Amino acid sequence: MIHNFNAGPSILPKEVFEEASRAIVDFNNTGLSILEIGHRTPLFENVLNEAVSLIKDLMQLDSNKEVLFLHGGASTQFFQLPMNFLSKEKKASYLDCGVWGTKAIKEAKNFGLVEVVASSEDKNYTYIPTGFEVPIDSSYFHYTTNNTIEGTQMQWIPETSVPLVADMSSDILSREMDFNRFSFIYAGAQKNIGAAGVNLVVADKEFLKQGNENLPSMMDYRVHVANGSMLNTPPVFAIYVCMLTLRWLKKNGGIKAIEEINSKKAELLYSTLEQIPLFQLPVNKADRSFMNAVFTMENPTLEKEFVALCKKEGMVGVEGHRNVGGFRVSLYNALPLSSVEAITDLINAFANKYAS
Ligand SMILES: *Cc1c(COP(=O)(O)O)cnc(C)c1O
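As the structure is a prediction and not an experimental result, all values here were calculated from the model.

Chemist: Could you give me a rundown of the overall build of the protein, with the residues and numbers involved?
Modeler: Scanning the protein for helices and strands turns up ten helices and 14 strands. For a compact globule of 356 residues, the expected C-alpha radius of gyration is about 21 Å, and the protein comes in at 21 Å, within 12% of that figure. Taken over the C-alpha atoms alone, the protein extends approximately 70 × 55 × 30 Å along its principal axes. When burial is assessed residue by residue, the protein has 56% of its 356 residues classed as buried. Entry remark: accessible area of the protein is about 15500 Å², with carbon and sulfur atoms responsible for 51%. Once the 32 positive and 40 negative side-chain charges of the protein are each reduced to a mean point, those two points are 2 Å apart.

Chemist: Mind laying out the domain arrangement of the protein, listing which residues take part and the relevant values?
Modeler: Along its sequence, the protein is carved into domain 1 (14-251) and domain 2 (255-353). Centre-to-centre, using C-alpha coordinates, domain 1 lies 27 Å away from domain 2. Counting residues at the interface gives 26 residues for domain 1 and 23 residues for domain 2. Carbon and sulfur atoms make up 55% of the surface buried where domain 1 meets domain 2, a total of about 2000 Å² over both sides. Contact with domain 2 buries surface across domain 1, with Ile149, Gly151 and Glu176 losing the most and accounting together for 24% of the total. Across the contact surface, domain 1 and domain 2 share zero salt bridges. Here domain 1 is connected to domain 2 by 13 residue pairs in polar contact (both at pLDDT 80 or more). Listing elements by their share of the side of domain 1 that touches domain 2, those giving two or more residues are β7 (152-153) and α7 (236-251).

Chemist: Outline unusual backbone geometry, listing residues and values.
Modeler: With glycine set apart, most residues show a phi of negative sign, and most peptide bonds adopt trans. For the bond running from Gly8 to Pro9, omega is -10°, close enough to zero to count as cis. With respect to the helices, strands and loops of the structure, Pro9 is situated in the loop between β1 (3-4) and α1 (14-25). Positive phi values are uncommon outside glycine, yet Asn28 reaches one of about 50°. As for its position among the elements, Asn28 is in the loop between α1 and α2 (42-58). In this structure Asn28 comes out as exposed when scored by relative accessible area, which is 52%. The phi dihedral of Leu173 is positive, around 65°, even though this residue is not glycine. On the secondary structure map, Leu173 appears in the loop between β8 (164-167) and β9 (184-188).

Chemist: Explain the environment of Val198 to me, using residue names and the numbers behind them.
Modeler: Along the polypeptide, Val198 turns up in the loop between β9 and β10 (199-204). Each C-alpha atom of the pair Val198 and Ala238 lies 6.3 Å from the other, and the pair is 40 residues apart in sequence. Excluding residues that lie within four positions of it along the chain, Val198 makes contacts with Phe69, Leu70, Gly188, Ala189, Pro235, Ala238, Ile239 and Cys242.

What counts, and where the lines are drawn
- Residues numbered from 1 in each chain as written.
- Predicted model: local features only at pLDDT ≥ 70, side-chain atom pairs only at ≥ 80, totals over all residues.
- Heavy atoms only, no water.
- Helix = DSSP H or I, 4+ residues; strand = E, 2+ residues; numbered from the N terminus.
- Rg over C-alpha atoms; globule rule 2.2 N^0.38 Å.
- Buried < 20%, exposed > 50% of the residue type's maximum accessible area, 1.4 Å probe, protein only.
- Areas by Shrake-Rupley, 256 points an atom, 1.4 Å probe, with all protein chains shown as cover.
- Lys, Arg positive; Asp, Glu negative; His and termini not counted.
- Charge placed at Lys NZ, Arg CZ, Asp CG, Glu CD.
- Domains from an automatic or database assignment.
- Contact = heavy atoms within 4.5 Å.
- Buried area = accessible area lost by both parts, 1.4 Å probe.
- Salt bridge = Lys/Arg side-chain N within 4 Å of Asp/Glu carboxyl O.
- Polar contact = N/O pair within 3.5 Å; in protein donor to acceptor, adjacent residues only side chain to side chain.

Structure, rendered in structure tokens:
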């Protein structure tokens, strides 16, 4: 039995893998593989259309929102977004809460003025700053909803009168949220949406109208909208896997139902760790991530032993990110509660062994 706590690419539902593997050999009884059909055929158009409608349905998007599936991962959005909405005469505001936010800021600086409204770098990104103000002359305000590496998550949506933009790569579809408050959302698919190789973008029609002119077509969101995410050959298989994963989420009650399970998973893990002095939880309690739980151990010998024990018990992906060290357990949508029960049992057994 394998328990997959990988941070990304990460666990997906087993039934998705089973159906996707059948489609590689014979897609929908056509005698053709999903890997060899043209993207401009009704066969694939149906897949893309279903994926788009499932996103609109699950996220309860209003009719002002466009849904795109684009190449290049979230890292392409770090520069594509400012390329469309920033210029030397304009300013954008950013919140700096970790590695991914910092990268987004670095890329935006290539296109215009960037103001960092607040940062938690002073305490190794272990908390979310509050009380910051977003200048009203910003073209947009950008933040990361869940900091995958540092294990912090924003439990609130910032109040601002400027267009709100978020990188939701590692917690999209994991909890209910008023997604319509955002002018622009992006997320790499490989954490909660599906397979690596595609990026979800949800953009407000009015916001898109404010974009810069004379961009390369592949960089211009409006051109992608006009072409229905099919300006060129889309990542067909990755989009197919996303569609299957979205179907799975809908079948299992959608975001509301998965949020209940995700909360149980996070509460079980954090409450277990809180009771064991052997482990430390570096993140400010109110800002703990429900998707990526980060914890450390002061004793390096025991740390190695715990890693070895996890390995022996089939627990994959428990080691922390190289920037942070310690441990990181990712609790994405497809991870069952039983996997969290398994690792908390292991944590308790380990603590009992070394308590004496
Ligand atoms: C994983 C991740 C990224 C990077 O995604 P790529 O698809 O590899 O470019 C960006 N932001 C956040 C919050 C992430 O978790």
